[in-house]
Amino acid sequence: MITKDEVCNVHAMTEEAKYNLLKEVITDYDRKESNLIQILHMAQAIFGYVPAEVQHFIADQMELSLSKVNSVLTFYSFFSTQPKGKYTVSICLGTACYVRGGKEVLNKLKSVLGIDVGATTEDKIFSLSVMRCIGACGLAPAMTINNKVYKQVNPNKIPRILGMLK
Ligand code: FES
């Protein structure tokens with residue numbers, strides 16, 4: 001079975017090769033509807049996001065309706081139907097982070113980046129998302145930028161943190 005590690009070099013692949021790989025993934029998962037979430041994870045790993053064309057492809061290959069594929073995709077916040085920016089900024093809105101100012105940090109992120117949750121800046125540098133507890137409650141509010149965790153963030157720190165990445 002193809003693993004996520006095997007799709008780490010997808011940047012060098014042609015679109016055709018990506019679709020061929022996705023077809024193999026779907027075959028490996030026996031085209032079963034019960035494996036749809038895993039298949040969507042792999043599709044996102046291959047394409048970086050799951051655009052409408054890829055949703056159509058998965059629906060055709062699995063003999064599912066497009067609305068079935070789309071409803072699963074849009075139900076889970078970790079899937080994206082839009083291309084992501086170079087940096088994905090995620091603020092935790094779990095209980096501890098929320099009560100310690102996570103919402104204010106989110107509002108600052110929205111105003112500094114000029115985008116809403118789920119969107120990407122025009123220059124394709126930043127995407128903004130929210131997440132649930134990442135286990136850093138003792139140092140809430142927590143935020144991540146790609147894989148790096150930022151603890152005890154507050155609205156005043158946001159411009160400097162984002163500015164360092166530009
Ligand atoms: S609630 Fe945010 S890290 Fe736990």
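The structure this text deals with has already been given above.
(A) Spatial organisation of the overall build of the chain. Summing up its helical and strand segments, the chain has six helices and four strands in all. The order of α-helices and β-strands along the chain, N terminus first, is α-α-α-α-β-α-β-β-β-α. Principal-axis analysis of the C-alpha atoms places the extent of the chain at approximately 50 × 30 × 25 Å. The proportion of buried residues among the 166 residues of the chain is 42%. Split by element, the accessible area of the chain, about 9,400 Å² in all, is 50% carbon and sulfur. Once the 19 positive and 15 negative side-chain charges of the chain are each reduced to a mean point, those two points are 15 Å apart.

(B) Spatial organisation of the layout of surface pockets. Here the largest pocket is characterised by a volume of approximately 820 Å³. Residue lining of the largest pocket: 31 residues in total, with Gln44, Ser77, Phe78, Lys84 and Thr88 positioned closest to the centre. Elements with a contribution of two residues or more to the lining of the largest pocket: α2 (36-47), α4 (66-75), β1 (87-92) and β2 (126-131). The element that contributes the greatest number of residues to the lining of the largest pocket is β2, accounting for five residues. By residue class, the composition of the lining of the largest pocket is 11 nonpolar, 17 polar and three charged. Lining the lining of the largest pocket are residues from two domains, each supplying at least three of them: domain 1 (4-75) and domain 2 (87-165).

(C) Molecular detail of the sheet that holds β2. Sheet architecture is open: four strands sit in the order β2-β1-β3-β4, paired in mixed fashion. Every interior strand has two partners, whereas the edge strands, β2 and β4 (148-150), have only one. In this sheet, adjacent strand axes meet at a mean angle of 20 degrees when their direction is disregarded. Both β1 and β2 contribute to a ladder of six bridges, which runs parallel. Across the sheet, isoleucine 91 pairs through a bridge with valine 130, a residue of β2. Taken strand by strand, helix α5 (residues 95-113) contacts β1, β2 and β3 (143-145), and its axis lies near 150 degrees from that of β1. Contacting β1, β2, β3 and β4, helix α6 (residues 158-165) runs over the sheet at an angle of about 15 degrees to β3.

(D) The arrangement of α2 in detail. End to end, α2 covers 16 Å across 12 residues, agreeing with the expected 16 Å (1.5 Å per residue, within 8%). Considered for burial, the residues of α2 that qualify are Leu36, Ile39, Leu40, Met42, Ala43, Gln44, Ile46 and Phe47. At the C-terminal side of α2, glycine 48 shows a positive phi close to 90 degrees.

(E) Spotlight on the pattern of salt bridges. Taken as a whole, this structure holds three salt bridges when the rule is applied. In this structure, lysine 18 engages glutamate 15 in a salt bridge whose closest nitrogen and oxygen atoms are separated by 3.8 Å. Of this pair, lysine 18 and glutamate 15 are both found in helix α1 (residues 15-28), three residues apart, which corresponds to roughly one turn of the helix. Using a relative accessible area of 12% as the deciding quantity, one classes lysine 18 as buried. The partly exposed category is assigned to glutamate 15, whose relative accessible area is 46%. Between aspartate 116 and lysine 110 there is a salt bridge, with its nearest N and O atoms 3.5 Å apart. Overall, the relative accessible area of 46% leaves aspartate 116 in the partly exposed class.

(F) Expanded view of the packing of aromatic side chains. Tallying each qualifying case throughout the model produces five aromatic pairs. On the numbers, 4.9 Å between centres and 85 degrees between planes, the contact of phenylalanine 75 with tyrosine 76 is edge-to-face. Exposure remark for phenylalanine 75: the relative accessible area of 64% places this residue in the exposed category. Judged by its relative accessible area of 27%, tyrosine 76 falls in the partly exposed class. These aromatic residues form a ring-pair network of at least three members: Tyr19, Phe47 and Phe57.

Criteria and thresholds
Residues numbered from 1 in each chain as written. Predicted model: local features only at pLDDT ≥ 70, side-chain atom pairs only at ≥ 80, totals over all residues. Heavy atoms only, no water. Helix = DSSP H or I, 4+ residues; strand = E, 2+ residues; numbered from the N terminus. Buried < 20%, exposed > 50% of the residue type's maximum accessible area, 1.4 Å probe, protein only. Areas by Shrake-Rupley, 256 points an atom, 1.4 Å probe, with all protein chains shown as cover. Lys, Arg positive; Asp, Glu negative; His and termini not counted. Charge placed at Lys NZ, Arg CZ, Asp CG, Glu CD. 1 Å grid on protein atoms, 1.4 Å probe; cavity = no way out; pocket = protein on both sides within 12 Å on 5 of 7 lines; lining within 4 Å. Points joined across faces, edges and corners; volume = space filled by probe spheres on them. Nonpolar A, V, L, I, M, F, W, Y, C, P; charged D, E, K, R; others polar. Domains from an automatic or database assignment. Pairing = 2+ DSSP bridges. Axes fitted to C-alpha atoms, helices over the stretch in contact; angles between N-to-C directions. Contact = heavy atoms within 4.5 Å. Expected span 1.5 Å × (residues − 1). Salt bridge = Lys/Arg side-chain N within 4 Å of Asp/Glu carboxyl O. Phe/Tyr/Trp six-rings, centres within 6.5 Å; stacked < 30°, edge-to-face > 60°.

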